[in-house]
Amino acid sequence: MQIRKIGVVVILHIEIDNQTDTAYTQPVITDTIDNSLVEFVEKSVTINGGAADESKYSYNTDTHTLTIDLDDVSPSSKTTVTFLVKKKNQ
């Protein structure tokens, strides 16, 4: 995971790199966000550079868990997911 800070917004970057000869079938990314420090920015999820359809991910405000459902990742290919979190005023 790569993190870049831009002001009070942080970009999180997750890459799945399939270096096998078998497809990763419908992988799911789950990330729990520490809401004592930051909050998830709605509609900020991208998959391979394009805005993710809201049917592909969900954010549970009770557990602060972001779940992203991906399409298959073919052998020798990558899928990149990014999303934003905003620093809370402290």
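In what follows, the structure referred to is the one given above.
Residues numbered from 1 in each chain as written. Predicted model: local features only at pLDDT ≥ 70, side-chain atom pairs only at ≥ 80, totals over all residues. Heavy atoms only, no water.

**Student:** Provide a residue-level description of the pattern of salt bridges, including the pertinent values.
**Tutor:** Under the defined criterion, the tally for this structure stands at three salt bridges. When the shortest N-O distance is used, the salt bridge between Lys43 and Glu54 registers 3.9 Å. In this pair, Lys43 is assigned in the loop between strand 4 (38-40) and strand 5 (46-47) and Glu54 in the loop between strand 6 (50-51) and strand 7 (57-60), connecting sequence segments 11 residues apart. On the basis of relative accessibility, which here comes to 62%, the residue Lys43 falls in the exposed class. Look at Glu54 and you get partly exposed, because its relative accessible area is 48%. (Salt bridge = Lys/Arg side-chain N within 4 Å of Asp/Glu carboxyl O. Helix = DSSP H or I, 4+ residues; strand = E, 2+ residues; numbered from the N terminus. Buried < 20%, exposed > 50% of the residue type's maximum accessible area, 1.4 Å probe, protein only.)

**Student:** Requested: an account of the side chain of Ser44, with residues and values cited.
**Tutor:** Among the structural elements, Ser44 can be located in the loop between strand 4 and strand 5. Look at Ser44 and you get buried, because its relative accessible area is 11%. A distance of 2.6 Å separates the side chain of Ser44 from the backbone oxygen of Val41, its partner in a polar contact. Excluding residues that lie within four positions of it along the chain, Ser44 makes contacts with Tyr57, Thr82, Phe83 and Leu84. (Polar contact = N/O pair within 3.5 Å; in protein donor to acceptor, adjacent residues only side chain to side chain. Contact = heavy atoms within 4.5 Å.)

**Student:** Any details on the environment of Val45? Residues and values, ideally.
**Tutor:** Among the structural elements, Val45 can be located in the loop between strand 4 and strand 5. The sequence separation of Val45 and Asn60 amounts to 15 residues, and the corresponding C-alpha distance is 14 Å. Not counting residues within four places of it along the chain, the set of residues in contact with Val45 comprises Phe40, Gly50, Ala51, Ala52, Tyr57, Leu66, Ile68, Val81, Thr82 and Phe83.

**Student:** Kindly report on the nonpolar core, identifying the contributing residues and their values.
**Tutor:** The biggest cluster of nonpolar side chains holds 20 residues, and the ones touching the most others in it are Ile33, Phe40, Val45, Leu66, Ile68 and Phe83. Ranked by the residues each element gives to this core, the list is headed by strand 2 (residues 9-18), at four residues. Residues contacting Phe40, with those up to four places away along its chain left out, are Ile33, Val45, Tyr57, Tyr59, Leu66, Phe83, Leu84 and Val85. (Core = buried A, V, L, I, M, F, W, Y, C linked by side-chain atoms within 4.5 Å.)

Taken by themselves, the reported measurements are silent on function.
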